[in-house]
Structures are given as structure tokens and as C-alpha cells.
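# A structural walkthrough
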Amino acid sequence: MKLHEEVTKCASCLSQSLMLIHDFGYSPLAGYFPKPGEVSEENRIPMQLKKCSNCELVQISPSVDDELLFKDYRYLSRFAMNSHFEELANWLLEKFGSNNLQVLEIGSNDGTLLDKLKSGGMQVVGVDPAENVASYAASRGHQIYCEYFSDDFVKESKIENSFDLIISCNSFAHISEIRKVSKGVSLALKDDGFFVVEVQAWPELVRVGAFDFVYHEHRYYYDLHSISNLLSQFGLFLIYAEIVKSHGNSYRLIFQKNSARKSSSEVLTSEESLTYEQIKIGISYFLNTIATTKQKLIALSSEHKRIVAFGASGRGNMILAQFSTTSEILTVFDESPERIGREMAFTGIPVRDFRELNEFEYDACLILAWNHAEEIIKKWPHQGKLLIVPFPQMFEKMT
């Protein structure tokens, strides 16, 4: 099996006109949390960011095999996304009503969103290829297909024209064959059905400098034009767009199948395409913020301060990968049982249960899951500790 392959054509429009934006060199797979003593170099892979000159889709090269990325997936929605999914479920119920709607979620993970939609009266089905997380959803009584979603899956499962609403929340950037997935959405929707997508907003990522969100699992980075260009090829037309706060600002989009309105010109013209220069400025800001954060850790370490971190996340792996060394950080605390007892990628830093923090002597904590910093700071259990939040601009807060 070939673990990764260079991207030479656009996954959306099939153009071979790809421009290199930035070469990050060898980077760990963001979802890689090895057990102690079981580190494998196959999980450290070159990573380049490219942009299609034709349809403007930004994508990662090389493309990594799905099995390596997602069959053993260490992310559980209920720990990081519970409050967001509560808000999203309420929004969906208000927007579409329940009325016994037939709903399918692509990338349903542990079923957190399915739980909330089902309790609101919707008839829900989930699709997720990761066996370890799909089992959580199945154990709570949901119908789960442990498969990769595609047009072939829709046909083989005989679910054409079955759903009023299909949802993809933070999964549409992960999918390798986005044309087959887009076609599958169109096939599975009823004639007047809706496709709701939440996905990282590329212009917001650049504006904030959140390039720790750039990694192999996130294959694609969409603006309104590139995602509309993709889905309109399969009869799905953008009718609504807004920015929500999750993951450092994401799109919440509604596409309608065979919409008589087609794409709203007001929605699309509300956003200008980023220039190459603007993207390079965002990358420079990211690298400078990494350097500033690293200098702070070195300064604390030179004062014999004990430093820990919080958030065994994909973003955490990418931030640590940018540091020349990570010897200043003693351990990383997290709440997810899927990561506790493991290590951060290629650092040897152990991941401990957050409940053990009370027994650990430390002076400062680096918040790796910085996009949840507000909630983390509110619940921090100790007074007189220094919390360091690296992004969107490095700042410190004493508890």
C-alpha cells in the first residue's frame, strides 16, 4: 500500500495548474498519538500547501492514504464540541424544523450531534470510517455505517433520494475524493433537500494566522468560491453563508439541491479572494508567533519554572512540531480517553488525564487547544498559575 502520493491535479476541477504556497517540510500526522515505545516514522510525512490557479481551491500535498489517517482516529466530539453542537442542533431545528426529517451526518464521530438532533425529533443516520469512534455512536442506539461516504457507498447502500438534510461538520476538509463525496451527497438528497456544511474558512485562517490548523488530515481549505465551484458541479447551490466561531472561525453554509435560486450572488460577492502576498503574510505571522511562544518557554525554563501543556489536539501536535525542541514541556494534560496514556507526536511528551493536574507540581501551562482558550481559562482549577495562549496572538494570563 502506498502511504502517500504527490498531488499533481486539483481534486475539484481536475486542473493541473497548481501553485506552491508554502513548504512545511516533514510534519507529523496531526492525529498521531503513539503509545510509549511505539513511534513509527511512517507518520512523519512531507507537507506542502498548494493552490489551484483555476478554481482557487487550496490543498495539501502529498495526499495521505485514508487508512493511515482515519481508521484509528483519536478525536472525540463530545469533549471539544459539545456546546457548539448544542448550538448547531438548535439552529438546525429552528431553520428546518423537525417534522420527522430524515437526516444523515457525514463524519458522525461519537454521535454527539446525532444525539441532539434525535432528541429534537429528527430521524438520524451517521456515516464514519473510524471504527473506534463509530462504536461510541452505535452503542448509544444510532444507526451508523462504518464506511467512507461516496457516490458508490450511496448506491451500494440503496439510499438514493432518501434524506431531507445531510450534514458535514468539520469533515468536508478531510475527504480524499471530494468529487465522489459531492456526487454522493447529491444522490442521497431528496430533490429539494439541503446540504449543511461547517468547514474552516480559509480567509479567516489566513487572517488569524492559524496555520497550526494546516495538516495532512485537512486536505482542503475552502473559500466561498472554491467550495461553490465544487458543489455546483453536482447540482448543489450555495444559498446561505455565515461565519461561526468554532475552530478559529468557520463557515456555516447551506447548499440546496437543484435550487431554483442557484447560488446567491450576494453571498459569493461578499468575499474577495486572497492574494498570494496576503497568504504569505499570514504564514509569516504564524511562524513569528511560534517563535515568540518558544522564547517565552525558554525564559520560564531558565528561571526553573515547571511547564505543562493542555490539549492533546492535532493543533497541539503541529505547534510542537514547529518548535526546535520541546524539552521545556513536562507533560500534556487532556480529557479524552482516546489520547490519555499516549504521547504527543515525535516528542516523547506523555499525555496525562486532566484529573491528575491537582497532583502535579507546575508553574505555567501552555494552552495548545487555544481555540477553546476562553472555556479552558474559565474552568482552570488552580490559582496563581501562568496560562500561556499562543494564538491568535501570544498572551499570558495569571489565574
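Keep in mind it's a predicted model, so treat the numbers as computed, not measured.

### Notes on the overall build of the chain
- Looking only at helices and strands, the chain has 13 helices and 19 strands in total.
- Relative to the globule expectation of 21 Å for 399 residues, the C-alpha radius of gyration of the chain, 21 Å, shows essentially globular dimensions.
- Taking the principal axes of the C-alpha coordinates as reference, the chain spans close to 65 × 45 × 45 Å.
- Taken over 399 residues, the chain has a buried fraction of 57%.
- Total accessible area on the chain is roughly 16,600 Å²; 47% of this is exposed by carbon and sulfur atoms.
- If the 40 positive side-chain charges of the chain are averaged to one point and the 52 negative ones to another, these points end up 1 Å apart.

### As for the pairing of strand β19 (residues 395–398)
- Bridge count for strand β18 (residues 386–389) against β19 is four bridges, and the pairing is antiparallel. Pairing of Ile388 across the sheet is with Glu396, part of β19.
- Where β18 hands over to β19, the hairpin turn is made up of five residues, counted between the paired strands.

### Some details on the state of the cysteines
- In total, this model carries zero disulfides according to the counting rule given.
- Cys146 provides the cysteine sulfur closest to Cys169, a residue in no disulfide bond, and the two sulfurs are 19 Å apart.
- Here Cys169 falls in the buried class, since its relative accessible area comes to 6%.

### Examining the pattern of salt bridges
- In total, this model carries 19 salt bridges according to the counting rule given.
- The salt bridge involving Glu198 is made with Arg252; its shortest N-O contact spans 2.6 Å. Residue Glu198 is found in strand β10 (residues 189–200), and its partner Arg252 is found in strand β13 (residues 250–257); the two are separated by 54 residues along the sequence. Comparing Glu198 with Arg252 shows no difference in burial state: the two are buried.

### Comments concerning the packing of helix α3 (residues 82–96) against helix α4 (residues 112–119)
- The geometry of α3 relative to α4 is characterised by a closest axis approach of 9 Å and an angle of 35° between their N-to-C directions. Where α3 crosses over α4, the two elements pack in a sense that is right-handed. Contact with α3, carried on its side by Asn82, Phe85, Glu86, Leu88, Ala89 and Leu92, involves Thr112, Leu113, Lys116 and Leu117 of α4 and no other residues of that element.
- Across the contact of α3 with α4, the residue classes tally to six nonpolar, two polar and two charged.

### Notes on the sheet that holds strand β2 (residues 18–28)
- Here we have four strands laid out as an open sheet, ordered β2-β3-β4-β11, and antiparallel in their pairing. Because the sheet does not close on itself, it has two edges, and the strands there are β2 and β11 (220–221).
- The pairing of strand β3 (residues 44–52) with strand β4 (residues 58–61) spans four bridges and is classified as antiparallel. What sits directly across from Gln48, in β4, is Ser61.

### Looking at the environment of Lys385
- Structurally, Lys385 is set in the loop between α13 (373–379) and β18.
- C-alpha of Lys385 to C-alpha of Asp223: the two residues are 162 residues apart in sequence and 39 Å apart in space.
- With near-sequence residues (within four places) excluded, Lys385 lies in contact with Tyr362, Asp363, Trp380, Lys397, Met398 and Thr399.

### Notes on the confidence of the model for the chain
- Averaged over all residues, the pLDDT of the chain equals 91, while 94% of them reach at least 70.
- Averaged pLDDT values for the elements of the chain fall to 60 in helix α10 (residues 265–269) and rise to 98 in strand β14 (residues 307–310).

### Concerning the sheet that holds β14
- The six strands lie next to each other as β16-β15-β14-β17-β18-β19, forming an open sheet whose pairing is mixed. The open sheet has two edge strands, β16 (351–353) and β19, and neither has a second partner. Averaged over all adjacent pairs, the angle separating strand axes in this sheet is 30°, with direction ignored.
- Taken together, the three bridges between strand β17 (residues 364–367) and β18 define a ladder with parallel strand orientation. For Leu366, the partnering residue across the bridge sits in β18 and is Ile388.
- Across the face of the sheet, helix α11 (residues 276–302) comes into contact with β14, β15 (329–334), β17, β18 and β19 while running at roughly 160° to β18.

### Regarding the side chain of Glu105
- Inspection of the secondary structure assignment puts Glu105 in strand β6 (residues 102–106).
- When sequence neighbours within four positions are dropped, the list of residues in contact with Glu105 reads Leu113, Leu114, Val125, Gly126, Val127 and Ile167.

### Quick word on the packing of aromatic side chains
- Tallying each qualifying case throughout the model produces 19 aromatic pairs.
- Summarising the aromatic geometry, the rings of Phe310 and Trp380 are spaced 5.9 Å apart at their centres and angled 90° between planes, so their arrangement reads as edge-to-face. You can see Phe310 sitting in strand β14 and its partner Trp380 sitting in the loop between α13 and β18, a full 70 residues away along the chain. Considered together, Phe310 and Trp380 belong to a single accessibility category, that of buried residues.
- Ring pairing ties together the aromatic residues Trp202, Phe211, Tyr221, Phe286, Trp370 and Phe391, which thus form one cluster.
- A cation sits over an aromatic face here: Arg252 above Trp91, 4.8 Å from the ring centre.
- Over the aromatic face of Tyr362 sits the side chain of Lys385, whose NZ or CZ is 4.7 Å from the ring centroid.

Rules behind the numbers
- Residues numbered from 1 in each chain as written.
- Predicted model: local features only at pLDDT ≥ 70, side-chain atom pairs only at ≥ 80, totals over all residues.
- Heavy atoms only, no water.
- Helix = DSSP H or I, 4+ residues; strand = E, 2+ residues; numbered from the N terminus.
- Rg over C-alpha atoms; globule rule 2.2 N^0.38 Å.
- Buried < 20%, exposed > 50% of the residue type's maximum accessible area, 1.4 Å probe, protein only.
- Areas by Shrake-Rupley, 256 points an atom, 1.4 Å probe, with all protein chains shown as cover.
- Lys, Arg positive; Asp, Glu negative; His and termini not counted.
- Charge placed at Lys NZ, Arg CZ, Asp CG, Glu CD.
- Pairing = 2+ DSSP bridges.
- Disulfide = S-S within 2.5 Å.
- Salt bridge = Lys/Arg side-chain N within 4 Å of Asp/Glu carboxyl O.
- Axes fitted to C-alpha atoms, helices over the stretch in contact; angles between N-to-C directions.
- Left-handed = near helix turned anticlockwise from the far one by under 90°.
- Contact = heavy atoms within 4.5 Å.
- Nonpolar A, V, L, I, M, F, W, Y, C, P; charged D, E, K, R; others polar.
- pLDDT = per-residue confidence, 0-100.
- Phe/Tyr/Trp six-rings, centres within 6.5 Å; stacked < 30°, edge-to-face > 60°.
- Lys NZ or Arg CZ within 6 Å of the ring centre and 35° of its normal.

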